[in-house]
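A closer look at the structure
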Amino acid sequence: MDLSSKIRDVKFKNPVLLASGCFGRDTLRFTDVSELGGVITKSVTLKPREGNPPPRIFETPCGVINSIGLANPGVDGFVSDELPEILFCDTNVIASIAGEDIAEYTELARAFEQTGVLGIEVNLSCPNVEKGGLVFGKHPGTVRKIIEDVRSISSKLVIAKLPPLFENKAIVSAAEDGGADAISLINTIPALALNIDTGELEIGGVGGGLSGPAIKPVALYCVYNAIKNTNLPVIGVGGIMTAKDALEFLLLGASMVEIGTGVLVDPKIGNKVVKGIEEYFKKEGIKNIAEFQRRSRLEL
Ligand SMILES: Cc1cc2nc3c(=O)[nH]c(=O)nc-3n(C[C@H](O)[C@H](O)[C@H](O)COP(=O)(O)O)c2cc1C
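About the thresholds
Residues numbered from 1 in each chain as written. Predicted model: local features only at pLDDT ≥ 70, side-chain atom pairs only at ≥ 80, totals over all residues. Heavy atoms only, no water. UniProt positions renumbered as here; feature names shortened; annotations may be inferred. Helix = DSSP H or I, 4+ residues; strand = E, 2+ residues; numbered from the N terminus. Rg over C-alpha atoms; globule rule 2.2 N^0.38 Å. Buried < 20%, exposed > 50% of the residue type's maximum accessible area, 1.4 Å probe, protein only. Contact = heavy atoms within 4.5 Å. Areas by Shrake-Rupley, 256 points an atom, 1.4 Å probe, with all protein chains shown as cover. Near = heavy atom within 4 Å. Nonpolar A, V, L, I, M, F, W, Y, C, P; charged D, E, K, R; others polar. Pairing = 2+ DSSP bridges. Salt bridge = Lys/Arg side-chain N within 4 Å of Asp/Glu carboxyl O. Right-handed = clockwise from strand over helix to strand, strands pointing away. Axes fitted to C-alpha atoms, helices over the stretch in contact; angles between N-to-C directions.

With an unreviewed UniProt entry as reference, the protein chain is termed Dihydroorotate dehydrogenase, source organism candidate division WOR-3 bacterium JGI_Cruoil_03_44_89. The UniProt entry for the protein chain carries the following comment under Function (unreviewed entry): "Catalyzes the conversion of dihydroorotate to orotate." Regarding the protein chain, the relevant UniProt record gives this comment under Subcellular location (unreviewed entry): "Cytoplasm".

See below:
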């Protein structure tokens, strides 16, 4: 059986990645990430960011709302202090970058050029500080420019990570025209939680982003539309807690999947999902992902 997946010239041993922002040093200590397709590091900005005031995570009946606010030590601090430990883990490492304005993305990508990361996931779900907080990933021209700029200086895989957009043809095409090697989606869905006793929000910052099982059907919808609209490999993200969830994205036509919130619940979830996919393929006599995808009756 062959669970491998390919993006450009890079072969991943299986299609399971840990999503950006959802694993830390502890996760790496408790799990064998060398069994996974790879990991995507938390998004870094050019300068260090303290992030949003607490509380930063609020649990809902079927997922979590986070309001981390991209807290990170800045790209230089990350590359010198945190990345070496992650690269030591004998797995494919993809670095996530988040610019506060368009020009920052190029500088961020450049900072990883001489490192051992395999790829850059360009987080296009963050607000453009210069443009009063408009989300980069909602504007085709901006997406194209950012991806083109990153592509022009980076030899690594370039993955465009998109926000949840239902009709995403223009955005997906912009990422493809800009030279992306793959598209990943979705990031969290904007969300609020209120406390009726205090009258305040349950999370710091101005609202947050919903993730976890609640968003899986929305993610499947967005991923399906992206697959219809591009020839690039698409990486499905959103609400994956089991091998069955991952298989749903693969059946749609996704090349790979990312697991985020699931890691907060169970640090070993990635390994369990890989094992579950293996067991399912074995039981069904399926040899590889392409053969499994031929079972789909969806029109693409
Ligand atoms: C606590 C937390 C932090 C996150 N941080 C990032 C981040 O730094 N960069 C990013 O692109 N996505 C970030 N995400 C979004 C996830 O990578 C993922 O796209 C989203 O949560 C949906 O997947 P899930 O339902 O499996 O969590 C974060 C999500 C959570 C829950």
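Points about the overall build of the protein chain
A count of helical and extended segments in the protein chain gives 10 helices and 16 strands. Compactness check: the protein chain gives a C-alpha radius of gyration of 18 Å against a globular reference of 19 Å for 300 residues, within 12% of the reference. In terms of its C-alpha atoms, the protein chain occupies a principal-axis envelope of roughly 50 × 50 × 40 Å. Counting only residues that meet the buried cut, the protein chain has 55% of its 300 residues in that class. For the protein chain, restricting intrachain contacts to residue pairs at least 6 apart in sequence, the fraction spanning at least 24 positions comes to 67%. Here the protein chain displays about 13,400 Å² of accessible surface, and carbon together with sulfur accounts for 54% of that area.

Description of the site of the ligand
Contacts to the ligand come from 21 residues, most closely from S43, K161, G212, G239 and T261. Computed on the free molecule, the ligand has an accessible area of 610 Å², of which 94% lies beneath the protein chains in the complex. Looking at the shell around the ligand residue by residue, the class counts come to seven nonpolar, 13 polar and one charged.

Here's the deal with the pairing of strand β14 (residues 208–211)
For strand β6 (residues 63–66) and β14, the ladder comprises three bridges, and the chain directions are antiparallel. Residue pairing for β14: I65 is matched across the bridge by L210. In this sheet, β14 lies alongside strand β13 (residues 189–191) in antiparallel orientation, the contact comprising three bridges. Counterpart to P190 in the pairing with β14 is G209.

So, the pattern of salt bridges
For the coordinates displayed, the defined rule picks out 18 salt bridges. With a closest N to O distance of 2.6 Å, K272 and D266 form a salt bridge. A salt bridge links R295 to E284, with the shortest nitrogen-to-oxygen separation between them at 2.9 Å. Linking R295 in the segment after α10 (289–293) with E284 in helix α9 (residues 269–284), this pair joins segments that are 11 residues apart in sequence. A single salt-bridge network, built from bridges that share partners, covers R8, D9, R151 and D181.

Considering the pairing of strand β8 (residues 119–123)
Burial of β8 is extensive: five of the five residues sit out of reach of the surface. Burial of the side chains of β8 extends over both faces: G119, E121 and N123 are buried on one face and I120 and V122 on the other. Sheet topology places strand β7 (residues 93–97) next to β8; four bridges connect them, and they run parallel. Each bridged residue has a counterpart across the sheet, and for I94 the counterpart in β8 is G119. Crossover handedness for the path β7 to helix α3 (residues 102–113) to β8: right-handed.

A short note on the UniProt feature "binding site: FMN" (unreviewed entry) in the protein chain
Under the local residue numbering, the UniProt record ascribes the feature "binding site: FMN" (unreviewed entry) to S20, K42, S43, N123, K161, I186, G212, G238, G239, G260 and T261. Along the polypeptide, G238 turns up in the loop between β15 (234–237) and α7 (243–252). Not counting chain neighbours up to four residues away, the residues in contact with G238 comprise I215, K216, A219, F249 and E258. With respect to the helices and strands, G239 occurs in the loop between β15 and α7. Judged by its relative accessible area of 9%, G239 falls in the buried class.

Considerations on the sheet that holds strand β3 (residues 16–18)
The strand order β3-β4-β7-β8-β11-β12-β15-β16 describes a closed barrel built from eight strands, whose pairing is parallel. Strand-to-strand, the axes of this sheet are offset by a mean angle of 25 degrees, without reference to chain direction. Pairing analysis gives three bridges linking β15 to strand β16 (residues 256–259), with the strands arranged parallel. Looking at β16, one finds that I235 is bridged to M256.

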